[in-house]
Amino acid sequence: MRKPTLLLVLTVLITAGASFAAANLLLRHATPASPRVAAALPPLPGGVALGDPTPKFVGETRVLAAEAIDATAWAPMNQALVQLARRFLDYPFKGFSLDGGPKEQLVLDLSNFDCFLFVEQLLALSNSRKVDTQDEGVERFTQHVRRLRYVDGEVDYCRRQHYFSRWAEAAERNGYLVNLTPFLPGASSRTVALNFMSNHIKSYKPMQLARNKQCITELEKDLVLNQAYIPLAALPGVLPSLRNGDIFALVTKVPGLDVTHVGFLEKRDGVVDAIHAAEGAGVIRSKNFATYAARVPDVIGVAIWRPRPNQGVGS
């Protein structure tokens, strides 16, 4: 749902008495964290990928991608992400849309979204705009999605980034994001074991295939996340530091999970709203992000990432 690049190291200390001006200066100049070693992946069952890397464009996705790239061609990235999110307001929600068959495919779908795919594909679109032709833009979109969705771009259910925090860590290593969360006022952290999938095997159609069940269960045996987050009580003090196009994730207390929902932030007249794909509602705007987040069951806080331009694409 990757090849690490060499990134600048950011070492920063924000004391309890730091001003918002200093915090905002930090965020404007934040750079990705230095590459981290990802948790070791178990070998693929059978030693080969069981997936098809040929892009599968659902419905009018190819046309929608080309039009979206053209419409946002010269906007700054953070503004482009908000413009892209607005373009898809009222589009329908569809869960588990990548799990349609026994064989993993590189599915591209801008006609239906779940919250994860909404963020992933719009981030890919925002990095596909500085091109000479529409065909080049669509090709870049395809390659960015593949690089974001799969470890080393290897199309296989066992290599898909199923947990959002793992997806975001890989995206940061590859230069797509900066994790702002540890640097924001009131930041806290926790350690959480990611094992929801292996504890709910019947909920995932592809895991009825023995080899997928095997690889996910093996991966989650020792899959532990050190997760930074902003507790809900501290969120109002963070809002002035956020801007259009930032990505939010709702951190949950549900056992085995890191987050339960993700989307983009839109800042209008000093008020921070959320644009996201919500089950039962489709792509919507939820006004007043702090109020919205506090209403979602089992949420204990939020995490925030800031997208950054990445023109490179994986093979």
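Refer to the structure above for everything that follows.
First, a word on what this report is: a plain description of the structure on this page. Predicted model, so just to flag it, every value in this text is computed and none were measured. (Residues numbered from 1 in each chain as written. Predicted model: local features only at pLDDT ≥ 70, side-chain atom pairs only at ≥ 80, totals over all residues. Heavy atoms only, no water.)

### Regarding the packing of aromatic side chains
Aromatic ring pairs are defined here through the distance separating the ring centres and the angle between the ring planes. Inspection of every chain in the model, using the stated rule, returns 12 aromatic pairs. In this structure an aromatic cluster arises from ring pairing among F88, Y91, F113, F118 and F264. In this structure, R62 is placed above the aromatic ring of F57, and the distance from its NZ or CZ to the ring centre is 4.1 Å. (Phe/Tyr/Trp six-rings, centres within 6.5 Å; stacked < 30°, edge-to-face > 60°. Lys NZ or Arg CZ within 6 Å of the ring centre and 35° of its normal.)

### Digging into the nonpolar core
Ranked by internal contacts, the top residues of the largest apolar core, which has 47 residues, are F118, L122, L125, F164, W167 and L177. With 8 residues, helix 4 (residues 115-126) is the single largest residue contributor to this core. By size, the runner-up hydrophobic cluster in this structure holds 20 residues, among which are V178, L235, V272 and A293. (Core = buried A, V, L, I, M, F, W, Y, C linked by side-chain atoms within 4.5 Å. Buried < 20%, exposed > 50% of the residue type's maximum accessible area, 1.4 Å probe, protein only. Helix = DSSP H or I, 4+ residues; strand = E, 2+ residues; numbered from the N terminus.)

### Points about the state of the cysteines
For the structure shown, the criterion picks out 1 disulfide. Linked covalently through their sulfurs, C158 and C215 form a disulfide whose S-S length is 1.9 Å. Judged by the sign of its S-S torsion, about -85°, the bond between C158 and C215 is left-handed. Separated by 57 residues along the polypeptide, C158 in the loop between helix 5 (134-149) and helix 6 (164-173) and C215 in helix 8 (residues 210-220) bring together distant segments of the chain. The pair C158 / C215 is uniform in exposure class, with both members buried. (Disulfide = S-S within 2.5 Å.)

### Quick notes on empty space enclosed by the protein
Its volume calculated, the largest cavity comes out at about 100 Å³. Lining the largest cavity we find 13 residues, and of these R160, Q161, H162, R166 and L219 sit closest to its centre. The residue makeup of the lining of the largest cavity, split by class, is 7 nonpolar, 2 polar and 4 charged. When its volume is computed, the second largest cavity comes out at roughly 60 Å³. Along its surface, the second largest cavity is lined by 13 residues, and P102, K103, E104, Y157 and N212 are the ones closest to its centre. Taken together, the residues of the lining of the second largest cavity sort by class into 5 nonpolar, 2 polar and 6 charged. (1 Å grid on protein atoms, 1.4 Å probe; cavity = no way out; pocket = protein on both sides within 12 Å on 5 of 7 lines; lining within 4 Å. Points joined across faces, edges and corners; volume = space filled by probe spheres on them. Nonpolar A, V, L, I, M, F, W, Y, C, P; charged D, E, K, R; others polar.)

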